[in-house]
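# Chains, contacts and geometry: an overview
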Amino acid sequence: ISEELRRAQEEWEAVEEIQSGLGGTAAGAAPPISFNEALQYFQTADLSECRKKVQATVRRQGLAALLHFLFGPPRLQPQLQGERELALAMAQCGLDDNERVHMRILQTIYKKLTRSRLGCPRYGAHWEELGFQGADPGTDLRGTGMLGLMQMLYFVMDSQTLPLAQEIFRLSQHETQAPAITLVLLQNFPFCIMSVNITRIVIQALREECLSRECNRRQQVIAVLNDLYAAAFLRLYRVWKWQHKTVADSGFLLKELELSTKKKPKQLLKSLEAYVNRNPAAAGLQQPSPPSASGGGSRAAEEIDFTGVCDLQVELEGEARLI
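Residues numbered from 1 in each chain as written. Predicted model: local features only at pLDDT ≥ 70, side-chain atom pairs only at ≥ 80, totals over all residues. Heavy atoms only, no water.

The chain goes by ELMD3 protein in an unreviewed UniProt entry, where it is assigned to Mesembrinibis cayennensis.

Here it is, written out as structure tokens:
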């Protein structure tokens, strides 16, 4: 019986693999791609057109420029500016169906989040299930470009952050019931859209030079961006889970997260380090302190102005928003 089941399973998987190629490029048979391999591709790829659009730092004028010069964070060291430019160039690079590496990145993210060994069509409702806005993930990447997918790839391919990524993805897919309340609170949220929003926040923090001190200390830029992305996602997850947040709270939470990312990046990174090292203070994703009185739940719901991520402009300092 076991032999018959094994053969049936192999036949079914073969059928699924064939079907995965329908409706667009699926690259189902392509092996998963590591973050380092994908990064090496971008390091050697022709990104000249993307680099032309890069604005490395936020433009300041008048008093704001003077205050930033006198009291602002240190400038990024010259030897790191090329890496910063590469990260921002990736953020200007759109998803290209004709680039095999792009498709492998997309497929790897799908397989890791769904724990599937099979590929999937390039377009389809399955991307909405992962938390994109529609059948084409590429439309959600305007503003973060391939850097948005690269940070997702890092999240699911790093052995230390993969459990966290899968835990967050599970929360995004399910509903919970608050104690002593008969109404069911749906805590699901669009995972990939949330991820893209966090990447946008990290990009803005980089351009405002909020991360220069940490980058200079570690002599890295992209690694700092990835760690801060994971740390911000960890912070959001803790608040969302333990304070029973819903999509109605997302706008306010993203504003808070943007402020924390820019003002206290070192604190966020230490929290991630504690989680990764299974520090007792971080084990179990402990409940965070309640939000300040200025950000109550009802007010959060009133202040939200939802918009598509594709409408967000990286070069503008604005509110963090979610669809």
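## As for the pattern of salt bridges
Overall, the coordinates contain 12 salt bridges when judged by the stated rule. The residue glutamate 37 makes a salt bridge to arginine 104 at a minimum N-O spacing of 3.0 Å. Note that glutamate 37 is positioned in helix α2 (residues 35–44) and arginine 104 in helix α6 (residues 100–114), a separation of 67 residues in sequence. Owing to a relative accessible area of 35%, glutamate 37 belongs among the partly exposed residues under this scheme. For arginine 104, a relative accessible area of 8% puts it in the buried group. The residue glutamate 167 makes a salt bridge to lysine 241 at a minimum N-O spacing of 3.9 Å. With a gap of 74 residues between them, glutamate 167 in helix α9 (residues 162–173) and lysine 241 in helix α12 (residues 222–242) connect regions that are remote in the sequence. Residues joined by salt bridges that share partners form a network here, namely Arg200, Glu208, Glu258 and Lys262. (Salt bridge = Lys/Arg side-chain N within 4 Å of Asp/Glu carboxyl O. Helix = DSSP H or I, 4+ residues; strand = E, 2+ residues; numbered from the N terminus. Buried < 20%, exposed > 50% of the residue type's maximum accessible area, 1.4 Å probe, protein only.)

## Description of unusual backbone geometry
In this structure, arginine 115 takes a positive phi of about 60° despite not being glycine. By the element assignment, arginine 115 lies in the loop between α6 and α7 (126–130). Phi is positive for glutamine 219, which is not a glycine, with a value near 55°. On the secondary structure map, glutamine 219 appears in the loop between α11 (212–218) and α12.

## Describing helix α14 (residues 265–276)
Since the α-helix turns once every 3.6 residues, residues separated by three or four places project in the same direction. Spanning 12 residues, α14 covers 17 Å between terminal C-alpha atoms, matching the ideal 16 Å at 1.5 Å per step. The set of residues buried in α14 consists of Pro265, Leu268, Leu269, Leu272, Ala274 and Tyr275. Considering only its buried residues, α14 is in contact with α9, α11, α12 and α13 (250–263). Once α14 finishes, arginine 278 follows within two positions and takes phi at roughly 55°, a positive value. (Expected span 1.5 Å × (residues − 1). Contact = heavy atoms within 4.5 Å.)

## Focus: the packing of helix α10 (residues 191–207) against α13
Where α10 contacts α13, the two axes come as close as 9 Å, and the packing angle between them is 30°. Helix-helix and strand crossings are classified by hand; for α10 and α13 the assignment is right-handed. On the side of α10, the interface is formed by Met194, Asn197, Ile198, Arg200, Ile201, Gln204 and Ala205, while α13 contributes Ser250, Leu254, Leu257, Glu258, Thr261 and Lys262. Partitioning the contact of α10 with α13 into residue classes produces 6 nonpolar, 4 polar and 3 charged. (Axes fitted to C-alpha atoms, helices over the stretch in contact; angles between N-to-C directions. Left-handed = near helix turned anticlockwise from the far one by under 90°. Nonpolar A, V, L, I, M, F, W, Y, C, P; charged D, E, K, R; others polar.)

## Concerning the confidence of the model for the chain
Taken residue by residue, the chain gives an average pLDDT of 79. The fraction at 70 or more is 69%. Per-element mean pLDDT across the chain ranges from 38 in helix α15 (residues 297–303) up to 97 in helix α8 (residues 145–157). Under a pLDDT of 50 for its full length, residues 180–184 has, in the predicted model, 5 contacts with residues more than four places off or in other chains. Here residues 279–321 is a poorly scored stretch, pLDDT under 50, and it has 90 contacts once near neighbours within four places are set aside; other chains count. (pLDDT = per-residue confidence, 0-100.)

## What about the side chain of lysine 262?
Relative to the helices and strands, lysine 262 resides in helix α13. Lysine 262 sits in the buried class, given a relative accessible area of 15%. Polar side-chain contacts of lysine 262 include one of 3.0 Å to the side chain of glutamate 258. Each residue touching lysine 262, except ones within four places of it in the same chain, is listed here: Gln204, Ala205, Glu208 and Cys210. (Polar contact = N/O pair within 3.5 Å; in protein donor to acceptor, adjacent residues only side chain to side chain.)

## With respect to the packing of aromatic side chains
Inspection of every chain in the model, using the stated rule, returns 10 aromatic pairs. Ring centres of tyrosine 41 and phenylalanine 42 lie 5.0 Å apart, and the angle between their planes is 75°; on these two criteria the pair is classed as edge-to-face. Across the pair, exposure class does not vary: tyrosine 41 and phenylalanine 42 are buried alike. Judged by centre distance (5.4 Å) and plane angle (10°), the rings of phenylalanine 155 and phenylalanine 233 are stacked. Remark: phenylalanine 233 occurs in helix α12 and phenylalanine 155 occurs in helix α8; sequence separation between them is 78 residues. In this pair, the class of phenylalanine 155 matches that of phenylalanine 233, namely buried. Aromatic rings pair up to connect Phe155, Phe169, Phe191, Tyr229 and Phe233 into one cluster. (Phe/Tyr/Trp six-rings, centres within 6.5 Å; stacked < 30°, edge-to-face > 60°.)

## Topic: the packing of α6 against α8
At a minimum axis separation of 9 Å, α6 and α8 run at an interaxial angle of 40°. One way to sum up the angle between α6 and α8 is to call them oblique. With respect to the hand of their crossing, α6 and α8 are arranged in left-handed fashion. In this structure, α6 uses His102, Ile105, Leu106, Thr108, Ile109, Lys112 and Leu113 to contact α8, whose residues at the interface are Met146, Leu149, Met150, Met152, Leu153, Val156 and Met157. In the contact of α6 with α8, the residues fall into 11 nonpolar, 2 polar and 1 charged. (Parallel < 35°, antiparallel > 145°, perpendicular 65-115°, else oblique.)

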